[in-house]
Amino acid sequence: MKKLMIAGSFLLVSLLGKAQLDVNDLTGQILEKLVPALNLTADQKPTVGDALIDFLTKKSAILPLMKSDPASYASKFNQLNGGFISKLKAVLLARQMTTYLSLKPKITDTTNPLVHLFY
């Protein structure tokens, strides 16, 4: 599994072609997918948005490791992702969380902004 994530990370970096994220733009793109898919309420939207901004900002800081130290990237990403999932669990209903997890795209689907949440 770890080897798959490392290999997928190399693929993701090569397909994306850059090691920085436009956090604000990407947050908007992700929310455009999550709001209807999860049927987020008005109360949930800002909390999910804040969690996204925090996660993507921190992920952007570790992206250079994807090429220079893939194992370190994987470790740090797993920690970030765990924190993000915890924040989501605190605001989403169980059915919404199940739906969120089912939205995981293939690692090669770089046209789907949700790829940044899972890899």
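See the structure printed just above.
Residues numbered from 1 in each chain as written. Predicted model: local features only at pLDDT ≥ 70, side-chain atom pairs only at ≥ 80, totals over all residues. Heavy atoms only, no water.

A. Inspection of the environment of Tyr 119 at higher detail. Mapped onto the secondary structure, Tyr 119 falls in the segment after helix H7 (115-118). Classification of Tyr 119 by relative accessible area gives buried; the value is 14%. Between the alpha carbons of Tyr 119 and Lys 106 there is a distance of 9.5 Å; along the sequence they are 13 residues apart. (Helix = DSSP H or I, 4+ residues; strand = E, 2+ residues; numbered from the N terminus. Buried < 20%, exposed > 50% of the residue type's maximum accessible area, 1.4 Å probe, protein only.)

B. Local environment of the nonpolar core. One finds Ile 30, Leu 34, Val 48, Phe 84, Leu 92, Tyr 100 and Leu 117 to be the most contacted residues of the largest nonpolar core, which totals 31 residues. Every element with two or more residues in this core is listed here: helix H2 (23-38), helix H3 (44-62), helix H5 (70-91), helix H6 (94-102) and H7. For this core, the element with the most residues is H5, which contributes seven residues. (Core = buried A, V, L, I, M, F, W, Y, C linked by side-chain atoms within 4.5 Å.)

Worth remembering: the numbers are spatial, not functional.
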